[in-house]
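What the coordinates show
Below, each chain spelled out in residue letters.
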Amino acid sequence: MCFAIALMGLIVTVFFYQKKHRFLLAGMFIVGYLGLSFLANYKGGDISSNEGLNRIVEGLSSFTQSKKSGYDDESTMRLSQMVLEDYMSKTPIIGLGLSSQGDDFDVISGNENIDIGMSDYTGCNQVTFGMDHGANLYHDFREAVVKSLNWELIGQLINGDYGETPGSGILPRACAGYDSSLWMMYQDADEAAALLDAAGFKDVNGDGFREMPDGTALVYKITSQLSPSRNDLYTRIGQVMVDSLNKVGINAYFDTDALASEEINDKMVADNDYDMFIGYTTSGVAAYRTCFWYFLNRSIVGSGAMNWGGSYNDPELNNAYIQLMNAASNDEYIDAVHKLQKLASEDLFAYALCWEKCFFPYRTDKYQGFVNMDAVGVVHAETFYQLTNK
């Protein structure tokens with residue numbers, strides 16, 4: 001039964017590949033997962049869901065061979081063992097995969113029989129400007145903000161030595177339609193200060209912080225989404241931002257009140273009560289909807305969105321995203337993605353914090369022919385047709 005479903009998944013994948021290339025990834029996941037399920041639960045084998053797959057989830061460091069007599073033939077045993085062994089090697093993977101800053105990474109990266117499975121990640125941590133009020137109404141101010149940030153330190157916090165300063169188009173290079181012609185982010189405190197001076201943000205009362213062009217106080221609020229697994233990271237990133245902005249005379253602070261509960265966080269977002277908001281795009285959203293799904297006005301994005309972009313309602317941006325969602329061909333989709341990146345680069349309504357590498361380790365001591373896909377790893381539909389013994 002599982003095999004039939006897997007085969008159906010493959011057929012559906014081929015069909016959608018001809019229609020819309022962007023559905024290919026989803027089909028590969030379906031076939032890869034169901035193929036594993038078939039092998040793990042095959043009635044001729046001794047490895048059941050409870051005994052075999054649970055070992056994978058629990059992260060055992062070694063594989064205990066099942067009884068050979070439980071298989072119909074030698075090849076079935078070898079193939080099932082192969083799949084389980086290679087899944088076993090990926091047991092630390094959760095979300096982004098193996099963290100480059102975790103203790104397990106040093107152990108695995110130093111093993112000659114394990115490839116760390118490094119590839120470009122399609123998701124990213126990102127920031128939305130509160131576009132409907134205060135200093136963010138000035139483009140020069142937003143440009144000064146991004147040029148004041150310590151990008152090297154932010155990249156280290158997020159992805160260790162692998163963290164890369166992102167481009168102004170936000171979209172990571174592993175995503176379909178990435179535009180390499182757009183300018184890359186960089187830190188230049190002198191240029192940032194000059195932009196602020198030219199826009200009229202000056203220290204009027206001599207307290208070391210700049211006021212608004214009309215002389216009123218400027219206090220800049222940075223906060224983030226509520227995420228138990230990321231709150232510590234976002235707090236550290238927020239403090240780096242505060243330090244960078246303070247150095248160019250912007251009185252910024254990281255607000256932790258919004259991290260007290262979902263209700264408080266949701267209300268803050270709904271009220272657009274922030275100047276910069278730190279959030280996150282998963283690889284699943286990035287694969288089709290893209291990171292721009294999070295930056296749009298909620299009336300355009302529709303239900304299911306995080307409502308982070310409620311403060312920005314630009315017709316050109318909205319139309320470009322509508323084109324993306326309604327694309328009837330790969331060319332139409334790519335064209336829309338290019339438009340969205342260009343608007344992000346020019347308008348600076350939001351920005352990525354880091355372009356990351358992800359890691360999906362796999363064993364190389366017995367088998368060859370692995371294809372490591374960006375943000376997916378080596379376990380996908382092609383895995384079950386391309387591997388050979390060494």
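Residues numbered from 1 in each chain as written. Predicted model: local features only at pLDDT ≥ 70, side-chain atom pairs only at ≥ 80, totals over all residues. Heavy atoms only, no water.

Before going further, it helps to spend a moment on the environment of Tyr121. Mapped onto the fold, Tyr121 is located in the loop between strand S2 (118-120) and strand S3 (124-129). Tyr121 sits 161 residues away from Thr282 along the chain, and the two C-alpha atoms are 9.4 Å apart. Only 2.8 Å separates the side chain of Tyr121 from the side chain of Tyr280, close enough to count as a polar contact. Among the polar contacts listed, one links the side chain of Tyr121 to the backbone nitrogen of Ser283, at a separation of 3.3 Å. (Helix = DSSP H or I, 4+ residues; strand = E, 2+ residues; numbered from the N terminus. Polar contact = N/O pair within 3.5 Å; in protein donor to acceptor, adjacent residues only side chain to side chain.)

Moving on: the sheet that holds strand S7 (residues 350-352). The strand order across the open sheet built from five strands is S5-S4-S6-S3-S7, with neighbouring strands paired in mixed fashion. Of all strands in the sheet, those bounded by a partner on one side alone are strand S5 (252-254) and S7. In this sheet, neighbouring strand axes are inclined to one another by 25° on average, regardless of whether the strands run parallel or antiparallel. In the sheet, S3 pairs with S7 via three bridges, with the strands oriented antiparallel. Directly across from Gln126, in S7, lies its bridge partner Ala352. Contacting S3, strand S4 (220-224), strand S6 (276-281) and S7, helix H6 (residues 139-148) runs over the sheet at an angle of about 150° to S3. Sheet contacts for helix H10 (residues 262-270): S4 and S6; angle to S4, the most-contacted strand, approximately 130°. (Pairing = 2+ DSSP bridges. Axes fitted to C-alpha atoms, helices over the stretch in contact; angles between N-to-C directions. Contact = heavy atoms within 4.5 Å.)

In this section: the packing of H6 against helix H8 (residues 189-198). Contact pair H6 / H8: the axes reach a minimum separation of 8 Å and the direction vectors enclose 165°. By the angle class used here, H6 and H8 are roughly antiparallel. Here H6 and H8 pass one another in a crossing that is left-handed. For the pair formed by H6 and H8, the contact residues are Asp140, Phe141, Glu143, Ala144, Lys147 and Ser148 on the first element and Ala189, Glu191, Ala192, Leu195 and Leu196 on the second. (Parallel < 35°, antiparallel > 145°, perpendicular 65-115°, else oblique. Left-handed = near helix turned anticlockwise from the far one by under 90°.)

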